[in-house]
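Reading the structure
Single-letter residue listing:
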Amino acid sequence: MVKYKNLILLSFDKEMAVKLLSKEKFPDKKWDKRIDELSHPRVYMYSWYLKAIGKTYSIAFDEESEQMLPVFHNRKKVFKQHYMPFFAREFQFIGKGKPERIINHILKQFKWSAANYHLSEEYMGKIYSYQYLYINQDYKDIAANYSKNAKRKLSKLKNEELEVKFNIGCEHVAKQFESNAAKKIKEIKPKNIQRLQNLMEVATENKKGFSCGVYSGKNLLASGFFLDDDNHIIYLKGSSNKKGRDIGAMYYLFNAVIEKYAGKRKALDFGGSNVENVAKFYKRFGAENKHYLHIKN
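Figured I'd write up the structure that's included with this text.

Rules of the game
Residues numbered from 1 in each chain as written. Predicted model: local features only at pLDDT ≥ 70, side-chain atom pairs only at ≥ 80, totals over all residues. Heavy atoms only, no water. Helix = DSSP H or I, 4+ residues; strand = E, 2+ residues; numbered from the N terminus. Buried < 20%, exposed > 50% of the residue type's maximum accessible area, 1.4 Å probe, protein only. Contact = heavy atoms within 4.5 Å. Areas by Shrake-Rupley, 256 points an atom, 1.4 Å probe, with all protein chains shown as cover. Lys, Arg positive; Asp, Glu negative; His and termini not counted. Charge placed at Lys NZ, Arg CZ, Asp CG, Glu CD. Polar contact = N/O pair within 3.5 Å; in protein donor to acceptor, adjacent residues only side chain to side chain. Pairing = 2+ DSSP bridges. Axes fitted to C-alpha atoms, helices over the stretch in contact; angles between N-to-C directions. Core = buried A, V, L, I, M, F, W, Y, C linked by side-chain atoms within 4.5 Å. Phe/Tyr/Trp six-rings, centres within 6.5 Å; stacked < 30°, edge-to-face > 60°.

Some words on the overall build of the protein chain
- Secondary structure assignment for the protein chain yields 11 helices and 12 strands.
- In terms of its C-alpha atoms, the protein chain occupies a principal-axis envelope of roughly 95 × 40 × 35 Å.
- Relative to its full complement of 297 residues, the protein chain shows a buried share of 50%.
- Partitioning the contacts of the protein chain with sequence separation of at least 6, the portion at a separation of at least 24 is 73%.
- Of the roughly 16300 Å² of accessible surface on the protein chain, 50% is carried by carbon and sulfur atoms.
- Between the mean site of the 55 positive side-chain charges and the mean site of the 33 negative ones, the protein chain shows a separation of 5 Å.

Put into C-alpha cells, the structure is as follows:
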C-alpha cells in the first residue's frame, strides 16, 4: 500500500512552471550584472534601457532552469497583447535552459503576441536580418572594401566643406528624426519621439552612447545616435534633411564613425533593416547580414 501511494505521488508531482513575474522582483543591480554576461547585442537588455523604451513589462521566469526574458505587454485585462517596443531590435534569454518553454508560455498567455528573439534558425520563426561590419582593423583596410558607389559618394563629398561633430545633443537628433523620417512612419507618434530622446539621454548618462551630426556651416544636414557597448557600436536612429539626402550626407556620417572607432571596437552594428534598399545602403560599407527570429501567434 505504501509503494502504491508513493507511485501516485510521483505521478502527480507538480511540474516546474513558467511564470510572468513583476519586474520589481529583479533589482536593477542584480539584473544588470546578469546582462553583463550576455553576448552582443546585450545593450537592449539593461534595466535602464528596458525602462526607457516602455513602462509595462514583466519578466518571464522558468522555475525549472531559472531562465528569464523581458516581456512587454499592454495593460488591458481582457485582450492581452505581447509586443516588441520601439527602439529595441531583439531580446535575449538570460541563463541556460529551453527557450521554447518560455515562448510556448507566452503564446498561450497572450491572445496576440509578436516579438523578436536572439535565437538561431533552428527555432520556428520568421528570419529577420540586420547588417554587421567588423571594424577591428585599420581604417584604410575597412574603407578599401567599401563599394564603388560608396567610394564615389565620399569622394564627391570632399568638395562640400562638411564637418562632423560628436556629442551634438540628443534633442537635435530627435528633432531632425521627427521632421525628416518619423513622419513617413505612421506607427511613430509624438510620444515615441519623446521616448527616443529620453532613451538617447539615458544611454549618454550611462556612458553607453553618443550623438553625432554632419554640418555644412551651421546647417545640420544629417545626424544619428549610436549605442556603445560590449565592444560594439550600434546605430540606433538617425536621419537627414533634404539637402543631406541630396548629397548623401549619411555616407559621410557613417564613414566618420567607422574612421573614429576603427581598431578600437570589434564591429559596427547598423541596427538592422529588412527593407532591401536600406540594407543595401549598409552593405555598401562592407557589412554582412546577421539574423534574429520574429515569432508571433
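Concerning the side chain of Ser129
- Its place among the elements puts Ser129 in strand S6 (residues 126-134).
- Only 3.2 Å separates the side chain of Ser129 from the side chain of His291, close enough to count as a polar contact.
- Ignoring any residue separated from it by four or fewer positions in sequence, one finds Ser129 in contact with Gly272, Ser273, Asn274, Asn289, Lys290, His291 and Tyr292.

What about the sheet that holds strand S3 (residues 68-72)?
- On the basis of which strands lie adjacent, the open sheet formed by 3 strands has the order S1-S2-S3 and antiparallel pairing. Strands at the two margins of the open sheet, each flanked by one partner only, are strand S1 (18-22) and S3. Pairwise comparison of adjacent strand axes, ignoring direction, gives a mean angle of 35 degrees for this sheet.
- Alignment of strand S2 (residues 57-62) against S3, held across 5 bridges, turns out to be antiparallel.

Things to note about the nonpolar core
- Grouped together as the largest cluster of nonpolar side chains are 57 residues, with contacts concentrated most on Trp31, Tyr49, Leu69, Phe91, Tyr117, Leu227 and Leu236.
- For this core, the element with the most residues is helix H8 (residues 190-205), which contributes 6 residues.
- When near neighbours in sequence (up to four residues on either side) are disregarded, Tyr49 contacts Val43, Tyr44, Phe87, Ala88, Leu199, Leu227 and Leu236.
- Leu133, Leu154, Cys212 and Tyr261 belong to the second largest nonpolar core, which has 33 residues in total.

Structural notes on the environment of His232
- With respect to the helices and strands, the residue His232 is situated in strand S10 (residues 232-240).
- For His232, a relative accessible area of 4% translates into the label buried.
- For the pair His232 and Arg42, spaced 190 residues apart in sequence, the C-alpha to C-alpha distance is 9.9 Å.
- Not counting the four nearest positions on each side in its chain, His232 is found in contact with His40, Tyr132, Leu227, Arg265, Lys266 and Ala267.
- Reaching out from His232, the side chain makes a polar contact with the backbone oxygen of Asp230 at a distance of 2.6 Å.

Observations regarding the packing of aromatic side chains
- Applying the stated rule across the entire model yields 31 aromatic pairs.
- Between Phe254 and Phe270, the aromatic rings sit 5.3 Å apart at their centres with planes inclined by 50 degrees, giving tilted as the arrangement. Note that Phe254 is positioned in helix H10 (residues 249-261) and Phe270 in the loop between strand S11 (267-269) and helix H11 (276-283), a separation of 16 residues in sequence.
- By relative accessible area, Phe270 is classed as buried at 1%.

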